[in-house]
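A look at the structure
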Amino acid sequence: MVKHPKKLHFGPAGVPLSSKKRDTLNGIKYAYEELNLDGFEIEFTYGVKLKEDVANSINEYLKDKEFILTCHAPYYINLNSTEESKINKSIDMLYNAARLLYLSGGYSVVFHPGWYLNNSKEETYNVVKENLKKLIDKLKDESIDIYIRPETMELPKKFGDIDEVIKLSQDIENVLPAVDFAHLRYRSNRNDIDYFREILDKIENELGREVLNNMHIHMSGITLDKKGTHLNLEESDMPWKDILRLLKEYKVKGVVISESPNIEQDAIRMRDYYKKLK
Ligand SMILES: [Zn+2]
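Conventions and cut-offs
Residues numbered from 1 in each chain as written. Predicted model: local features only at pLDDT ≥ 70, side-chain atom pairs only at ≥ 80, totals over all residues. Heavy atoms only, no water. Pairing = 2+ DSSP bridges. Helix = DSSP H or I, 4+ residues; strand = E, 2+ residues; numbered from the N terminus. Axes fitted to C-alpha atoms, helices over the stretch in contact; angles between N-to-C directions. Contact = heavy atoms within 4.5 Å. Donors = N, O, S within 2.8 Å, 3.2 Å for Na, K, Ca; no water. Tetrahedral: all angles 85-135°; square planar, octahedral: opposite > 155°, others 65-115°. Buried < 20%, exposed > 50% of the residue type's maximum accessible area, 1.4 Å probe, protein only.

1. Structural notes on the sheet that holds strand S8 (residues 178-180)
Here four strands make up an open sheet; going across it, the order is S1-S12-S9-S8 and the pairing parallel. Since the sheet does not close on itself, it has two edges, and those belong to strand S1 (8-12) and S8, each with one partner. Taking the axes of each pair of neighbouring strands and ignoring which way they run, one obtains an average angle of 20° across the sheet. Bridge count for S8 against strand S9 (residues 215-219) is three bridges, and the pairing is parallel. Opposite Ala 178, over in S9, you have His 216 as the bridge partner. In this fold helix H10 (residues 264-276) packs onto S1, S9 and strand S12 (254-258), with an angle of close to 160° to the strand it touches most, S1.

Written out as structure tokens, the structure is:
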């Protein structure tokens, strides 16, 4: 497994559709051995369900491989909830995701930070920051050393524009952005390459070159409907080839996770295109 990436890895969001065995360990093995992918995101989106002994087996399997393992924390998290019990549950879910991913030898945890509800952007920022700090302190106390990544979110009513995600990364140790290009495309209503270049420049200028060496990226196409439903790259208006060329130009390292409905097919498509770039 990898802590300090030397290159850009590619992987599926969850067990590949073509894998006959549907459990996480076999999904990872299949991605690596059959599809030659070198990344994988465990989907804890509907609950953190991974037994400790399985986490240990994943760790054992990956320990001598150049492979990046990440996870997606549950969708139910809202670090800006008005109910304290929901905040505590959110922190617990993030904690469990981080602990199990760390046991598995993982690299970073991505999560959706929450909703503004009736709060201003500033108020929400402060509440999210305070709650995220509680999580980071707890992880630090237990020496769980893993990146925690608020994701750039699509809908304007969700906390998580690029500036908010960058600011959390500046303000809290071990917090770094998860850059979801489809969500950026949705929220900004831009899909020109200059916009994506601005994003990478902003990250480099505000967080430093080191962060471009440790990126956790989500890619897919997206519809501009109310929900921002994900699409396969080839059926969408995502300039995914241009984005990959940009990642190459900026020498971005880390992992690109395919969140397309076809999961592994777009991971392979991106890897193959990226490999051919000079
Ligand atoms: Zn997400």
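2. What about the coordination of the zinc ion?
All of the protein donors around the zinc ion are His 72 (NE2), His 112 (NE2), Glu 151 (OE) and Glu 151 (OE); their distances to the metal are 2.1 to 2.6 Å. Classification of the site at the zinc ion rests on its four donor atoms, whose angles at the metal span 53 to 149°, yielding the label irregular. Within one chain, the residues donating to the zinc ion are spaced in sequence as H-x39-H-x38-E. Taken together, the residues His 72 in strand S3 (residues 68-72) and His 112 in the loop between strand S4 (108-111) and strand S5 (114-115) connect sequence positions 40 residues apart. The burial state of His 72 is the same as that of His 112; both residues are buried.

Taken by themselves, the reported measurements are silent on function.
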